[in-house]
Amino acid sequence: MAFWDNLWRNNAAQFDSGSAATNSIDLTKRRPSVSLTKQGAATGNLRVNLSWRMRTSDIEGRSKQSGRLLRHPSKLFKPEVVQAHTQGVANVDLDIGCLWEMADGSKGVVQPLGSFFGDLNAAPYVKLSGDDRFGAPSGETIFVNLDHRDAIKRLLFFVYIYDQTPAFDRTHAKMTLYPSNGPRIEIELDERAPQARSCAVFLLENVKGELTVRREVRFVYGFQAELDRLYGWGLQWGRGFKAGKA
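Please read all numbers here as calculations on a predicted model, not as lab measurements. (Residues numbered from 1 in each chain as written. Predicted model: local features only at pLDDT ≥ 70, side-chain atom pairs only at ≥ 80, totals over all residues. Heavy atoms only, no water.)

**Student:** Is there a simple way to think about the pattern of salt bridges in this case?
**Tutor:** When charged atoms on two side chains of opposite charge get close, those side chains can pair. Applying the stated criterion to the full structure yields 9 salt bridges. Note that R215 is salt-bridged to D190, the shortest N-O span being 3.5 Å. Separated by 25 residues along the polypeptide, R215 in strand β15 (residues 210-220) and D190 in the loop between β13 (184-188) and β14 (198-207) bring together distant segments of the chain. By relative accessible area, which is 10% here, R215 ends up buried. One salt bridge in this structure joins R215 and E191, with 3.3 Å as the shortest N-O distance. Of this pair, R215 sits in strand β15 while E191 is found in the loop between β13 and β14, placing the two residues 24 residues apart along the sequence. (Salt bridge = Lys/Arg side-chain N within 4 Å of Asp/Glu carboxyl O. Helix = DSSP H or I, 4+ residues; strand = E, 2+ residues; numbered from the N terminus. Buried < 20%, exposed > 50% of the residue type's maximum accessible area, 1.4 Å probe, protein only.)

**Student:** What is the right way to read the nonpolar core from this model?
**Tutor:** Where a protein is soluble and globular, its nonpolar side chains tend to be buried together. Membership of the largest hydrophobic core comes to 44 residues, with the highest contact counts inside it found for L36, L155, F157, F168, M175, F202 and L204. Apart from the residues within four sequence positions on either side, L36 is in contact with A41, A42, L46, L146, P179, I185, L204, L211 and V213. V109, Y162, A200 and L203 belong to the second-largest nonpolar core, a separate cluster that totals 13 residues. (Core = buried A, V, L, I, M, F, W, Y, C linked by side-chain atoms within 4.5 Å. Contact = heavy atoms within 4.5 Å.)

**Student:** Where do I start with helix α4 (residues 224-231) in this structure?
**Tutor:** In an α-helix, one full turn covers 3.6 residues, which means residues spaced three or four apart are oriented alike. Q224, L227, D228 and Y231 are the residues of α4 that are buried. The buried residues of α4 all sit within an arc of 105° when viewed along its axis, so they share a single face. Buried residues along α4 sit in contact with β6 (94-102), β11 (152-161), β14 and β15. In the segment just after α4, G232 is the residue with positive phi, at about 65°. (Arc of directions from axis to C-beta.)

In structure tokens:
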């Protein structure tokens, strides 16, 4: 029995550390949190990536247009569209953002709206790399400089829909964390909230020197101000625009 006991313990350790074949940790309702400190991943740059694609049913619904695409190849290079709950058609434009609070009490946001791109080498040590409006495979990415983890109190990563058409239920979105060491961490936005415009995805907190990632996946029907009230950030919000949009 000792052999089988050792084998089971080894397999369990591989699962817990995320060192299985997929080399990833999925945060779910049943397993909502993981410690970056205990994973040995609390230093270097943490890369947080948002990616999304149309759900299979929507893609199948568009397959009937294949003949039209063959006749008009240029349409292949146009962004995908999603049929909303109204009769209109809307581009899916998911954006990643991060509410930040430093240990000294300073607070703010990193997001495309208002061109708040942050800074990796100065407070808040959070930097948005760009704004992907059409769901390209690379998605959108925010970097966090964990070498300055002592200056960070908490970071709330969220997703919102910029345009006026809620369409979370028509997209398959995922946020993936790539620490400097150890397995990646994946969080699926797998709950249905057809009319939601924003979603708090996860919270990165520094509690007594330990960095912990906790899954949230809380959909709201408003925008950043509603997420602010939900998590008690206390910022003042106004209407913002992306560069090149009004």
